[in-house]
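Chain by chain, the residues run as shown.
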Amino acid sequence: MTDTPAGPVSPLRRVGYVMFLSRWIQVPLYLGLIVAQVVYVWRFMAELVHLVHLGFGGTPAETTVMLIVLGLVDVVMISNLLIMVIIGGYETFVSRLRIEGHPDQPQWLSHVNANVLKVKLAMAIIGISSIHLLQIFINAARPEITDRELIWKTLIHLTFVVSALALAMIDRIMAGGRPSHGTGSSEDSGQLPQERMAA
């Protein structure tokens, strides 16, 4: 292997390197989402204490208990969405987490990319929308819940479903057009991880 002569770095290359380093600007965003995760944990615990007081200290209606439980499930699903954005977004757009071989490594993280992350986020949003729609249906007998609100929230939920299906179809079409990674040489397959490690 021959050594390349050390020469002056072109201004264009310096600009490209600065632009590549600018990905670290996103780190405070993901740290902020971790703070939001803590807020949701606090809200979950407060709602759980409220549910325990109602369940063991009185005789609440079954609908009331069900709505509180659905609220807890909603918080958990939003928390899961935050985890996917934090871990998947950081891994995809900032830097590798380097947790290969860790027993707690999420299965989806090994093949995550921007398209897979978008599909998973869309599925999580559908789950959250389903919880909210179920809460509306449970409260449908109340006078403040109008038929117009029921129709619009159902249409919005269906829009989320159609959008997730469209994203999944686009991802499958794009995956069918990608070249197989197995046909490349060993040097090509190891080049990208080495460059990411150097960054």
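The preceding data block contains the structure.
Since this is a predicted model, take the numbers as computed values, not measurements.

J.: Outline the side chain of S129, supporting the account with residue identities and numerical values.
T.: Examined against the element boundaries, S129 turns out to sit in helix α4 (residues 114-138). Here H157 takes part through its side chain, which lies 2.9 Å from a polar atom of the side chain of S129.

J.: Tell me about the nonpolar core, and name the residues and values.
T.: Among the nonpolar cores identified, the biggest contains seven residues, and these are I78, L81, M84, L117, L121, A124 and I128. Sorting the residues of this core by element identifies α3 (62-93) and α4 as the ones contributing at least two each. For this core, the leading source of residues is α4, giving four residues. Residue contacts for I128: discarding those within four places in its chain leaves D74, M77, I78 and L81.

J.: Explain the packing of aromatic side chains to me, and be specific about the residues and the numbers.
T.: Within this structure, the stated rule accounts for two aromatic pairs. Centre to centre, the rings of W24 and Y90 are 6.5 Å apart; their planes meet at 70°, and the pair counts as edge-to-face. Pair noted here: W24 is in the loop between α1 (11-21) and α2 (27-57) and Y90 is in helix α3, with a separation of 66 residues, a long-range link. Between the aromatic rings of Y30 and Y90, the centroid separation amounts to 6.2 Å while the plane-to-plane angle is 85°, which identifies the pairing as edge-to-face. Taken together, the residues Y30 in helix α2 and Y90 in helix α3 connect sequence positions 60 residues apart. Y30 gets classed as buried once you look at its relative accessible area, which sits at 11%. Connected via pairs of aromatic rings, a cluster forms that spans W24, Y30 and Y90. The positively charged end of R23 is found above the aromatic ring belonging to F20, 4.0 Å away from the centroid.

Quick notes on the rules
Here the residue index of a chain counts from 1 through its sequence in written order. The predicted nature of this model means local features are confined to residues of pLDDT at least 70 and side-chain atom pairs, given and counted, to a pLDDT of 80 or more, with totals for whole chains, interfaces and linings taken over all residues. As a rule here, side-chain values cover all heavy atoms of the structure and leave hydrogens and water aside. A run of H or I in DSSP becomes a helix once it reaches four residues, and a run of E becomes a strand once it reaches two; helices and strands are each numbered from the N terminus. Pairs of N or O atoms within 3.5 Å make up the polar contacts considered here, provided that, within protein, one atom can donate a hydrogen while the other can accept it, and that residues adjacent in sequence are counted only when both atoms are side-chain atoms. Take the buried residues of types Ala, Val, Leu, Ile, Met, Phe, Trp, Tyr and Cys, join any two whose side-chain atoms come within 4.5 Å, and each joined set is a nonpolar core. Using a 1.4 Å probe on the protein chains alone, a residue whose accessible area is under 20% of its type maximum counts as buried, one over 50% counts as exposed, and one in between counts as partly exposed. Here a residue-residue contact requires only that any non-hydrogen atoms of the pair lie within 4.5 Å. Here a pair means two rings of Phe, Tyr or Trp (six-membered ring of Trp) with centres within 6.5 Å. Their orientation is stacked below 30 degrees between planes, edge-to-face above 60, and tilted elsewhere. Note on criteria: charge over ring means Lys NZ or Arg CZ within 6 Å of the ring centre, with the direction from the centre no more than 35 degrees off the ring normal.

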